[in-house]
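# Summary of the model geometry
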Amino acid sequence: MSGLWRWRRNPLRRRTDLAEAWLALGAALLIAFGASAAGWATARTAGDTLRDTVRTQHAQRHLVRVQVDRLLPHPPVDPDPETATQRDAHRKVLANWRGVDGSRHIGIVAAPRPVVPGDRFRIWTDGRGRVMPRPMDISTANSHAVLAGLGAAALAGAAVEGGRRLVLWRLMHHRYRRWDEAWERAGQDWGRAGAGS
């Protein structure tokens, strides 16, 4: 509200004051509506793409049962709890499984829990029986789409604000240059007693 005085009729109001006020209003509207629209469009596009990815991954990946043949030696566990990773909690095992195409496979997989030889658990594979990561679920896709939309809205808002500040800097530069010219026109004797001012 403090910037509203720039629109009032006032002999001290400069053209740059009015331009600055319109610039602030335009930037506020662009941030409120333009950044929101950019975020919404990005979230929608990302959501559509990610949902297609979810459908594709669920169509191409399959849960199969593996049987543990033997446990592999534990890698040295990092003693520092702050740098220890989640993979330290999963034991690598040599296991065998049958792919959805009927092919037999033997390989090293990470057990999701403590196991002994002969135990069974499930892993994700592709159509040929190769181990794959778990497919993305719809809630993860939606979360990523929302984050992409928020990021796009923030980036658009930052771009508008950066542009506003650049134009404002140019206005201030122009204002200071005009002040310098006015002081030079006033001359060196301005304000001195008996100098005709």
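Residues numbered from 1 in each chain as written. Predicted model: local features only at pLDDT ≥ 70, side-chain atom pairs only at ≥ 80, totals over all residues. Heavy atoms only, no water.

### Side note on the packing of aromatic side chains
Each pair of aromatic rings is reported with the distance of its centres and the angle of its planes. On inspection of all chains with the given rule, the structure shows one aromatic pair. Both rings, one in tyrosine 176 and one in tryptophan 179, keep their centres 5.5 Å apart while their planes meet at 55°; by these two values the pair is tilted. On the criterion of helical spacing, the pair formed by tyrosine 176 and tryptophan 179 is a turn pair, its members being three residues apart in helix α2 (residues 138-186). (Phe/Tyr/Trp six-rings, centres within 6.5 Å; stacked < 30°, edge-to-face > 60°. Helix = DSSP H or I, 4+ residues; strand = E, 2+ residues; numbered from the N terminus.)

### A word on the pairing of strand β3 (residues 104-111)
Where strand β2 (residues 91-98) meets β3, eight bridges bridge the pair, whose relative direction is antiparallel. Following the sheet pairing, tryptophan 97 is matched in β3 by histidine 105. If you look at the hairpin formed by β2 and β3, you'll find five residues sitting between the two strands, and glycine 102 has a positive phi there, around 95°. (Pairing = 2+ DSSP bridges.)

### Concerning the nonpolar core
Judged by nonpolar contacts, Val64, Val66, Val68, Val93, Ala95, Trp97, Val109, Ala111, Val115, Phe121 and Ile123 together constitute the single largest core of eleven residues. Broken down by secondary-structure element, the contributors of at least two residues to this core are β1 (62-71), β2, β3 and β4 (120-125). Not counting residues up to four positions away in its chain, the partners in contact with alanine 95 are Val66, Gln67, Val68, Asp69, His105, Ile106, Gly107 and Val109. (Core = buried A, V, L, I, M, F, W, Y, C linked by side-chain atoms within 4.5 Å. Buried < 20%, exposed > 50% of the residue type's maximum accessible area, 1.4 Å probe, protein only. Contact = heavy atoms within 4.5 Å.)

### Digging into helix α1 (residues 15-60)
Between its first and last C-alpha atoms α1 spans 65 Å; for 46 residues at 1.5 Å apiece the expected length is 68 Å, and the two agree. A bend of about 30° at isoleucine 31 is the largest found in α1. (Expected span 1.5 Å × (residues − 1). Bend = angle between axes of the 7 residues up to and from the residue.)

### Focus on a positive patch on the surface
On the surface, a cluster of positive charge is contributed by Arg65, Arg113, Arg120 and Arg122. Structurally, arginine 122 can be placed in strand β4. When its relative accessible area of 45% is taken as the criterion, arginine 122 is described as partly exposed. (Patch = residues over 30% accessible without salt bridge, like charges linked within 9 Å, V, L, I, M, F, W, Y side chains within 5 Å. Areas by Shrake-Rupley, 256 points an atom, 1.4 Å probe, with all protein chains shown as cover. Salt bridge = Lys/Arg side-chain N within 4 Å of Asp/Glu carboxyl O. Lys, Arg positive; Asp, Glu negative; His and termini not counted. Charge placed at Lys NZ, Arg CZ, Asp CG, Glu CD.)

### Observations concerning the confidence of the model for the protein
In regions of low pLDDT, the predicted coordinates are not meant to be interpreted in detail. The pLDDT averaged across the protein works out to 84; a share of 80% of its residues lies at or above 70. When mean pLDDT is compared element by element in the protein, β4 scores highest at 94, while β2 scores lowest at 91. (pLDDT = per-residue confidence, 0-100.)

### A short note on a nonpolar patch on the surface
A cluster of nonpolar residues, Trp22, Leu25, Leu29 and Phe33, forms a patch on the protein surface that exposes about 450 Å² of accessible area. The residue tryptophan 22 is located in helix α1 in this model.

### Here's the deal with the sheet that holds β4
Spatial ordering of the open sheet is given by β3-β2-β1-β4, a layout of four strands whose pairing is antiparallel. The sheet is open, and its two edges are formed by β3 and β4, each paired on a single side. Pairwise comparison of adjacent strand axes, ignoring direction, gives a mean angle of 45° for this sheet. As judged from the five bridges shared by β1 and β2, these two strands associate in the antiparallel manner. (Axes fitted to C-alpha atoms, helices over the stretch in contact; angles between N-to-C directions.)

### Observations concerning the environment of alanine 24
Its location among the elements puts alanine 24 in helix α1. Once the C-alpha coordinates of alanine 24 and glutamate 161 are considered, the two residues, 137 residues apart in sequence, prove to be 9.3 Å apart.

### Some words on the side chain of histidine 105
Among the structural elements, histidine 105 can be located in strand β3. Within the structure, the side chain of histidine 105 is placed 2.7 Å from the side chain of serine 103, a separation counted as a polar contact. A distance of 2.8 Å separates a polar atom in the side chain of histidine 105 from the backbone oxygen of arginine 128. If near-sequence neighbours (up to four positions away) are discounted, histidine 105 is found in contact with Ala95, Asn96, Trp97, Gly99, Arg128 and Gly129. (Polar contact = N/O pair within 3.5 Å; in protein donor to acceptor, adjacent residues only side chain to side chain.)

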